[in-house]
Amino acid sequence: MVFTSVVNFVRSRGPDEFWRKRKVFRLAAAFQGRKRNCYSIAIRYVHRALVYATKGRKLKKIDMKNLFETRVQAACEQHNVGYATFREGLVRSDIMLNRKTLADLACWEPYTFKALTDIAQRKAVDDGLLDLKNADSLDSTITRGIITDSVKPK
Amino acid sequence: MSALKRVQQWATFARIWHLYDAAWQNPFDSAQVIKKHLMGLHKPIYHTMSQCGDVVVVINSADIALPGDEWKKRVYFHHTGYPGGASWTLAWELHEKDPTMVLKKAVYNSMDGNIQRRYTMQRLLIFPDSNVPKDILENISNQLRPLRKVPKRLDHYPEKEVKEFPKIIDYPKDYIVK
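Numbers given for residues are sequential positions, taken from 1 along each chain in its written order. Chain A is the first chain written and ligand 1 is the first ligand written, with later ones labelled in order. Given that this is a predicted model, residues contribute local features only at a pLDDT of at least 70 and side-chain atom pairs are listed and counted only at 80 or more, while totals for whole chains, interfaces and linings are drawn from all residues. Side-chain numbers here rest on the full set of heavy atoms in the structure, without hydrogens or water.

Per an unreviewed UniProt entry, chain B goes by 39S ribosomal protein L13, mitochondrial and derives from Exocentrus adspersus. UniProt positions are given in the numbering used here, feature names are shortened, and annotations may be inferred rather than shown by experiment. The UniProt entry for chain B carries the following text under Sequence similarities (unreviewed entry): "Belongs to the universal ribosomal protein uL13 family."

Going by the annotation in an unreviewed UniProt entry, the name recorded for chain A is Large ribosomal subunit protein bL20m, with Exocentrus adspersus given as the source organism. Listed in UniProt under the heading Sequence similarities (unreviewed entry), the comment for chain A reads: "Belongs to the bacterial ribosomal protein bL20 family."

Set out below in structure tokens:
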């Protein structure tokens, strides 16, 4: 053990009360009022904060998922594709992108995202999921399914 | 930041003014569309903490169409805070008092009750008719698609067209049309 000062050396000998409390005070450092100075009050609020932190780890994932979905939905709407159709079309085209990647593409690479919606729509129309009035506009889009289906012997 | 990037940034976060014609529209369905544009939920850059919402100008709110018998059955509650201060107002009464209120409340209630809601509502401008001040009108650059077609009333068709409309039978001569 390395002691940086005489004070710490003295404290290290007795019961570990000081060090035990200091761990709690470290966690309570950013609190306001007596919550950060008085141990019996600090420990209650540290407990509460740790419970929030535990719950927050799950909530953060849910929140981010909702945010990504909102963004992708907004981008889908710009290209007149439903969110469910879009995701199903991508899965059927073997394009396994998660929500985060799709949201990033929608935000930063709008042309890439447009291409993805085209592919998803093309696949949805080919598989009979979607009945588009102007499906001719998708004629220039080629999915892997088109090639394999046309090569397959009938 | 280069000049191009700077302009791109401005264009991305520019606040767009949308026009929405509420004539013959269901205010509760319209609220979902209006809310989406007010909060910026229609943009891929959406984030709750970033101010990416647009302005929506609603016209003809006096001509909204409530579904079913909602005019008679829908009740708006208000309490002054004093004992006996509760009051219940029917939708048609509220609409007579202020023809923008039903739509305003529909949009307000469609959003989550947080601090941002009041500021988001400030970006919603509702007019009972199509008389919009010029300084507002000149900002508008987009019109939101109405959710349903505005039906044309029978007495608004020219009389000649009504008479010449093909019919299956003629009424018997002794039939009394109400």
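There is more to say after this.
A. Local environment of the overall build of chain A. Secondary structure elements are taken from DSSP: a helix is a run of H or I of four residues or more, a strand is a run of E of two residues or more, and numbering for both begins at the N terminus. A tally of regular secondary structure across chain A gives seven helices and zero strands. Scanning chain A from its N terminus toward the C terminus, one meets helices and strands in the order α-α-α-α-α-α-α. Radius of gyration here is computed from C-alpha atoms only, and the compact-globule reference equals 2.2 Å multiplied by the residue count raised to the power 0.38. Relative to a compact globule of 154 residues, whose C-alpha radius of gyration would be 15 Å, chain A shows 29 Å and is clearly more extended. Expressed along its principal axes, the backbone C-alpha trace of chain A runs to roughly 85 × 35 × 25 Å. For every residue, the accessible area obtained with a 1.4 Å probe (protein chains only) is divided by the maximum for its type, and the residue is called buried under 20%, exposed over 50%, and partly exposed between those limits. Looking at the 154 residues of chain A, the share that counts as buried comes to 27%. The contact rule is simple, with two residues in contact once any of their heavy atoms fall within 4.5 Å. Within chain A, residue pairs in contact and separated by at least 24 positions form 36% of the contacts whose partners lie at least 6 positions apart. Positive charges come from Lys and Arg alone, negative charges from Asp and Glu alone, with His and the N- and C-terminal ends not counted. All charge positions are set by atom: Lys at NZ, Arg at CZ, Asp at CG, Glu at CD. Seen as two clouds, the 30 positive and the 16 negative side-chain charges of chain A have centres 21 Å apart.

B. Structural detail: the nonpolar core. Of all hydrophobic cores here, the largest spans 22 residues; its most connected members are B:Tyr20, B:Ile34, B:Val56, B:Val58, B:Val107 and B:Leu124. At the level of elements, helix H2 (27–39), strand E2 (55–59), helix H4 (91–97), helix H5 (101–110) and strand E5 (124–126) of chain B are the ones that each hand at least two residues to this core. Take the buried Ala, Val, Leu, Ile, Met, Phe, Trp, Tyr and Cys residues and link them wherever side-chain atoms come within 4.5 Å; each set so joined is a nonpolar core. If you look at the next biggest cluster of nonpolar residues, it comprises 16 residues, including A:Phe68, A:Phe86, A:Leu102 and A:Ala120.

C. Highlighting the interface of chain A and chain B. Listed by partner, the interface residues are nine residues for chain A and eight residues for chain B. Buried area: the accessible surface (1.4 Å probe) lost by two parts on joining, summed over both. Three residues stand out in chain A for area buried against chain B, namely A:Thr70, A:Arg71 and A:Ala74, and they jointly supply 48% of the buried area on that side. Put simply, a salt bridge is a Lys or Arg side-chain nitrogen that is within 4 Å of an Asp or Glu carboxyl oxygen. At the junction of chain A and chain B, the tally comes to one salt bridge. Close ionic contact of A:Glu77 with B:Lys36 constitutes a salt bridge, the shortest N to O distance being 2.6 Å.

D. Layout of the domain arrangement of chain A. All the domain ranges listed were derived from an automatic or database domain assignment. Each domain of chain A was delimited in the assignment, giving domain 1 (6–56) and domain 2 (63–151). Placing the centre of domain 1 of chain A and that of domain 2 of chain A at their C-alpha centroids yields a distance of 52 Å.

E. Representation of the side chain of B:Ser61 within the structure. Structurally, the position occupied by B:Ser61 is in the loop between E2 and helix H3 (70–73). The exposure class of B:Ser61 is buried, given its relative accessible area of 0%.

F. Main features of unusual backbone geometry. One non-glycine residue, A:Asp94, lies in the positive phi region at around 60°. Along the polypeptide, A:Asp94 turns up in the loop between helix H4 (83–92) and helix H5 (99–108). On the basis of relative accessible area, A:Asp94 is assigned to the exposed category, the value being 52%. Phi angles above zero are rare outside glycine, and B:Trp24 is one such case at about 65°. Looking at the element boundaries, B:Trp24 is found in the loop between strand E1 (17–21) and H2. Residue classification places B:Trp24 among the partly exposed positions, given a relative accessible area of 40%.

G. Structural detail: the pattern of salt bridges. Evaluated as defined, the whole model comprises 11 salt bridges over all chains. Its salt-bridge partner being B:Arg74, residue B:Glu70 comes within 2.6 Å of it at the nearest N-O pair.

H. Structural view of the sheet that holds strand E6 (residues 142–143) of chain B. All names here are of chain B. Pairing between strands requires that DSSP locate at least two bridges from one strand to the other. Spatial strand order, E5-E2-E1-E6: four strands in an open sheet with parallel pairing. The two strands at the open ends of the sheet, each matched to only one other strand, are E5 and E6. One ladder, built from five bridges, connects E1 with E2; its direction is parallel. Paired with His-18 across the bridge in E2 is Val-56. Here H2 sits on the sheet in contact with E1, E2 and E5, set at roughly 150° to E2. Axis definition: a line fit to C-alpha positions, over the contact stretch in the case of helices; interaxial angles, taken between N-to-C directions, run 0 to 180 degrees.

I. Up close: the environment of B:His95. All names here are of chain B. Among the structural elements, His-95 can be located in helix H4. Through-space distance from the C-alpha of His-95 to that of Asp-63 is 10.0 Å; in sequence the pair is 32 residues apart. Once you skip the residues sitting within four places of it in the chain, His-95 turns out to touch Ser-61, Ala-62, Ile-64, Trp-71 and Val-102. At 3.0 Å, the side chain of His-95 forms a polar contact with the backbone oxygen of Ala-62. Under this definition, polar contacts are N or O atom pairs within 3.5 Å; protein pairs additionally need one hydrogen-donor-capable and one acceptor-capable atom, and for neighbouring residues in sequence, both atoms have to be side-chain atoms.

J. Representation of the pairing of strand E4 (residues 86–90) of chain B within the structure. All names here are of chain B. Pairing of strand E3 (residues 75–79) with E4, which is carried by five bridges, proceeds in the antiparallel orientation. Looking at the pairing, Val-75 lines up with Leu-90 of E4. Where E3 hands over to E4, the hairpin turn is made up of six residues, of which Gly-81 adopts a positive phi near 105°.

K. Focus on a positive patch on the surface. Residues forming no salt bridge and having over 30% relative accessible area are the ones grouped into patches, like charges within 9 Å of each other and nonpolar side chains (Val, Leu, Ile, Met, Phe, Trp, Tyr) within 5 Å. The Shrake-Rupley method, run with a 1.4 Å probe sphere, supplies the accessible areas, and residue values consider only the shown protein chains as cover. A cluster of like positive charges, contributed by A:Arg57, A:Lys58, A:Lys60 and A:Lys61, occupies part of the molecular surface. Note on A:Lys61: relative accessible area 60%, which makes it exposed.

L. Quick look at H2(B). All names here are of chain B. Here H2 contains 13 residues, and its C-alpha end-to-end distance of 17 Å stays within 8% of the 18 Å for a straight helix at 1.5 Å per residue. Those residues of H2 that sit buried are Pro-27, Ser-30, Ala-31, Val-33, Ile-34, Lys-35, His-37 and Leu-38. On its buried face, H2 sits against E1, E2, H5, helix H6 (116–121) and E5. With a side-chain oxygen lying 3.0 Å from the backbone nitrogen of Phe-28, the N-terminal cap of H2 falls on Asn-26. Under the convention used throughout, the expected extent of a helix is 1.5 Å for every residue step, that is, one less than its residue count.

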